[in-house]
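# Coordinate analysis (summary)
The lines below spell out each chain.
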Amino acid sequence: MIVFTDPDCPYCRKLHEEMKAVIEKRKDIAFHLLMHPLPMHKDAYKKAQAILCEKSLDLLDDAFRGKAVPEPKCGPEAVERSINLAKELGFSGTPTLVREDGVVASGALQADKLISWIDGK
């Protein structure tokens, strides 16, 4: 499951917690997160960049909890790749989920509904 997410998006924050619940219930489900900071969230780009530089889910958790995220220690290339991919696919909002069969959903789903959607039900 691929998820385009923004560290300052309130719906992404909700989905992030639901994804943790999914992983607790289903060890066969994995999420690949792509940073897609939206222009309306003025600090999201630098946060996304720092998260990717450190390859740190802990930093993403901190961002979602409203904690400070350190300055990025690398260039913006990884963030730009994710943003460009989202544009190429026509995704303008977050969270955006892409199932392995290519079906797309937007928004935060509760864990049980997310599992059902992942299973194609």
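Described in the following lines is the structure provided in the data block. (Residues numbered from 1 in each chain as written. Predicted model: local features only at pLDDT ≥ 70, side-chain atom pairs only at ≥ 80, totals over all residues. Heavy atoms only, no water.)

### Some thoughts on the environment of Ser92
Stated precisely, the cut-off is as follows: By definition, any uninterrupted DSSP run of H or I lasting at least four residues is a helix, any uninterrupted run of E lasting at least two residues is a strand, and each is numbered from the N terminus. When accessible area is computed with a 1.4 Å probe and restricted to protein chains, residues below 20% of their type maximum are described as buried, those above 50% as exposed, and intermediate ones as partly exposed. The contact rule is simple, with two residues in contact once any of their heavy atoms fall within 4.5 Å.
Its location among the elements puts Ser92 in the loop between α4 (77–89) and β3 (96–98). Residue Ser92 is classed as exposed on the basis of its relative accessible area, which comes to 68%. When the C-alpha atoms of Ser92 and Leu38 are compared, they prove to be 8.1 Å apart, with 54 residues separating the residues in sequence. If sequence neighbours within four positions are ignored, Ser92 has contacts with His36 and Leu38.

### Details of the state of the cysteines
For clarity, the cut-off: When two cysteine sulfur atoms lie within 2.5 Å, the pair is treated as a disulfide.
Applying the stated criterion across every chain, the model contains 1 disulfide. Cys53 shares a disulfide with Cys74; S-S distance 1.8 Å. The disulfide joining Cys53 to Cys74 has a torsion of about -90 degrees about its S-S bond and is therefore left-handed. On the criterion of sequence distance, the pair formed by Cys53 in helix α2 (residues 44–54) and Cys74 in the loop between α3 (57–64) and α4 is long-range, its members being 21 residues apart.

### Structural notes on α2
For α2, the set of buried residues is Ala44, Lys47, Ala48, Gln49, Ala50, Ile51 and Cys53. Looking at the buried side of α2, the elements it contacts are β2 (32–35), α3 and α4. Taken from the residues just after α2, Lys55 is the one with a positive phi, measuring 50 degrees.

### A closer look at unusual backbone geometry
That bond from Thr94 to Pro95 is cis: its omega, -10 degrees, falls within 30 degrees of zero. Checked against the element boundaries, Pro95 lands in the loop between α4 and β3. Phi at Lys55 takes a positive value of approximately 50 degrees, unusual for a residue other than glycine. Tracing the backbone shows Lys55 in the loop between α2 and α3. The class of Lys55 is exposed, set by a relative accessible area of 75%.

### Some remarks on the nonpolar core
The condition that has to hold: Remark: nonpolar core denotes a set of buried residues (Ala, Val, Leu, Ile, Met, Phe, Trp, Tyr, Cys) joined through side-chain atoms within 4.5 Å.
With 14 residues, the main nonpolar core has Phe31, Leu97 and Leu114 as its most contacted residues. Where this core is concerned, the elements lending two or more residues are α1 (10–25) and α5 (111–118). Among the elements that make up this core, the one with the highest residue count is α5 (5 residues). Not counting residues within four places of it along the chain, the set of residues in contact with Leu114 comprises Leu15, Met19, Val22, Phe31, Leu97 and Leu109. Among the nonpolar cores identified, the runner-up in size contains 13 residues, and Cys9, Met35, Ile51 and Val69 belong to it.

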